[in-house]
Amino acid sequence: RKPRRSQAKVVALPRASGVACAARGGEEDTRVCIPLEELRNTDVEKVGGKSASLGEMISQLAGVGVPVPGGFSTTAYAYKEFLD
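Report on the accompanying structure. All residue numbers here refer to positions counted from 1 along the written sequence of the relevant chain. With pLDDT at 70 or above as the cut-off, local features in this predicted model cover only qualifying residues; side-chain atom pairs require 80 or more to be listed or tallied, and sums for whole chains, interfaces and linings still use all residues. Calculation of side-chain values draws on the structure's entire complement of heavy atoms; hydrogens and water are dropped beforehand.

## Regarding the environment of Tyr77
Next, step 1: The helix count covers DSSP runs of H or I at least four residues long, the strand count covers runs of E at least two residues long, and both are numbered beginning at the N terminus. Its location among the elements puts Tyr77 in helix 4 (residues 76-83).
Next, step 2: Considering only alpha carbons, one finds Tyr77 and Glu28, 49 residues apart in sequence, at a separation of 9.0 Å.
Next, step 3: Excluding residues that lie within four positions of it along the chain, Tyr77 makes contacts with Glu28, Asp29, Thr30 and Arg31. What makes two residues a contact is simply this: any of their non-hydrogen atoms within 4.5 Å.

Below, the structure is given as structure tokens:
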């Protein structure tokens, strides 16, 4: 008898918070973590390439029914603050 696999659920989340939208306009984003659902390939400087790619994958694949797990990324800003 094979063990049952749990089905992953795709949950649609809001695209971005007001802080994220404002930060994309040129202001410094001072959040310490950002949900992957809010990230795109253009956010590499904020969170690094792997997290930005995961965010892009979620935005592209979740809409067509491919289950992609959610999560969050710590930011470069948080890392710099930690070092200070």
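## Some details on the pattern of salt bridges
Next, step 1: Criterion for a salt bridge: a side-chain nitrogen of Lys or Arg within 4 Å of a carboxyl oxygen of Asp or Glu. Under the definition given, this model contains 4 salt bridges.
Next, step 2: For Arg31, the salt bridge is made with Glu38, and the minimal N-O distance between the two is 2.8 Å. Note on accessibility: Arg31 and Glu38 belong to one class, buried.
Next, step 3: Close ionic contact of Asp43 with Lys46 constitutes a salt bridge, the shortest N to O distance being 3.8 Å. Only protein chains enter the accessibility calculation, which uses a 1.4 Å probe. A residue is then buried if its area is under 20% of the maximum for its type, exposed if over 50%, and partly exposed in between.

Note that all results are geometric; they support no functional claim without further evidence.
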